[in-house]
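Results of the structural survey
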Amino acid sequence: MNRIKLAFAAIVGLYLSFIAMPVSAALPAAVNDTPLPSLAPMLERVTPAVVNISTVTHIKREENPLFSDPFFRRFFDFPSTKSRKKKRKSTSLGSGVIIDAQKGYVLTNSHVIDKAHEIRVTTHEGRRLEAELIGADPETDVAVLQIKAEKLVVLKLADSDRLRVGDFVVAIGNPFGLSQTVTSGIVSALGRSGLGIEGYENFIQTDASINPGNSGGPLVNLRGELVGINTAIFAPGGGNVGIGFAIPTNMVRSIMDQLVAHGEVRRGSFGITMQELDYDLKKALGFKGDNGALVTEVRPGTAAEKAGVLVGDLITALNGEPVKGAASLRVQLALLQIGDEITLDILREGESRTLHSSIQDPFAHYTQGGTLAEQLEGALFLEITDESQYGRFPAIRVGKVEKESPAWSAGLRADDVIIEVNRQRIKQFTELRDVARQGVYQLKLRRGGSIVSLASR
């Protein structure tokens, strides 16, 4: 019995001595005079370059037609249409990063400022500034804004091609309106594509938490250099599950240069369709390499056809850089500008070859709508020869339409296919010229899978 009492007393004494220990059991600031690693010094340099972006969009209210009827309004004593506001405001929040102090350029996502009528930038120290949209590219989800301010802090752009899976990264932004929130993680994967988020995808995948409001904010390495622009999360249940995506800086830099120079991205065309390689294809082709892109279509009259590219060719390198896959090559070609010279390394029937070409203007062979009719000015047209792609009959395809132009006001949009003009069937440019000579007052066209009729004024 005495032994049991002594053992119990020893346990109680040990417990009391444990709870009597100082509460400051956290990690010390240094061990053996060596400071513990911390992200704080880097973040103190980086966070002043991160901004909050708020937008205001004016949305027109749609009213029941009865509200516009004078008798209905008078009978029910409704206020006049002039006194009723027909617009409401929609606001949104996002993030951005300053990359040029002298010119005041701010990088963000295209979807952050999409359709915005007012854009405001709030800096780290609380300055609220009106921003001007320099240009946006929805296909890559990149936008450039400009603010007028002094003493701006910028982030240096890193070479995102040097990133490796496992590198530590930090995401900074304003999730849920909470300013200057920092999360850390690693690079989980590189070159992610096929997600259907954007037209051209080459994402950095990270497990650093990216939430709504982080969009447009920076993804930085441990040196505080910009390696990507946060753009999206994979959230099946509506919350963050550790799968976030960022646009690599090398891709952003190329898009930004065009947006600053032209206000838009002027993509060229090469003229091929490709597919990814799998094990069976590699075996059938006798290809012993790791990556490449298999050509499945060469469009007639394109730069690819002129260069001698054939269906079945395996593209292994572009301008000396190995091709990781079809999706990667598609992005690489899309980032090139019109007139850029390119070199392709290909494998054809087991033999290696090198082909030379250049990036074409995709609308070089289109006809200006203004030469056809006044109402068609601002649109580009192409005579269709590939019936299987655009319908059973030859017709005229709309390639591009400038906003606010007469063609835009008439209702024409890119990729429309004209079927009738002034109630006459149109198949060729000669027919369009003859019919449009007296003016265009009616259009019938195919838009996607629907038939649309327009009345031109």
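Residues numbered from 1 in each chain as written. Predicted model: local features only at pLDDT ≥ 70, side-chain atom pairs only at ≥ 80, totals over all residues. Heavy atoms only, no water.

1. Details of the overall build of the chain
Within the chain, the secondary structure is distributed over 10 helices and 28 strands. In the chain, which comprises 457 residues, the proportion classed as buried is 41%. Sequence separation of at least 24 residues holds for 58% of the intrachain contacts in the chain that already meet a minimum separation of 6. Carbon and sulfur atoms make up 52% of the accessible area of the chain, which amounts to about 26200 Å² in all. (Helix = DSSP H or I, 4+ residues; strand = E, 2+ residues; numbered from the N terminus. Buried < 20%, exposed > 50% of the residue type's maximum accessible area, 1.4 Å probe, protein only. Contact = heavy atoms within 4.5 Å. Areas by Shrake-Rupley, 256 points an atom, 1.4 Å probe, with all protein chains shown as cover.)

2. Section: the layout of surface pockets
Rolling a probe over the atoms, with the probe sized like a water molecule, indicates the empty space that remains. By volume, the second largest pocket amounts to about 920 Å³. In terms of lining, the second largest pocket is formed by 30 residues, of which the most central are Asp 161, Asn 202, Lys 324, Ser 328 and Gln 332. Taken together, the elements giving at least two residues each to the lining of the second largest pocket come down to strand E11 (181-192), strand E12 (203-206), helix H4 (249-262), strand E19 (321-322) and helix H7 (326-335). Of the residues that constitute the lining of the second largest pocket, the class distribution is 12 nonpolar, 11 polar and 7 charged. (1 Å grid on protein atoms, 1.4 Å probe; cavity = no way out; pocket = protein on both sides within 12 Å on 5 of 7 lines; lining within 4 Å. Points joined across faces, edges and corners; volume = space filled by probe spheres on them. Nonpolar A, V, L, I, M, F, W, Y, C, P; charged D, E, K, R; others polar.)

3. A word on helix H10 (residues 429-436)
Within H10 the residues assigned to the buried category are Phe 429, Leu 432, Val 435 and Ala 436. Looking straight down H10, one finds that the buried residues subtend no more than 130° of arc, so they occupy a single side. Residues of H10 that are buried in the fold lie against strand E22 (367-368), strand E23 (379-383), strand E24 (396-401), strand E25 (417-421) and strand E26 (424-425). (Arc of directions from axis to C-beta.)

4. Section: the confidence of the model for the chain
Looking at the chain, the pLDDT average stands at 80 and 80% of residues meet or exceed 70. pLDDT under 50 marks residues 14-25. Its contacts with residues more than four places away, or in other chains, come to 0 contacts. A low-confidence stretch, residues 387-391 stays under pLDDT 50, and its non-local contacts, those more than four residues away or across chains, total 8 contacts. (pLDDT = per-residue confidence, 0-100.)

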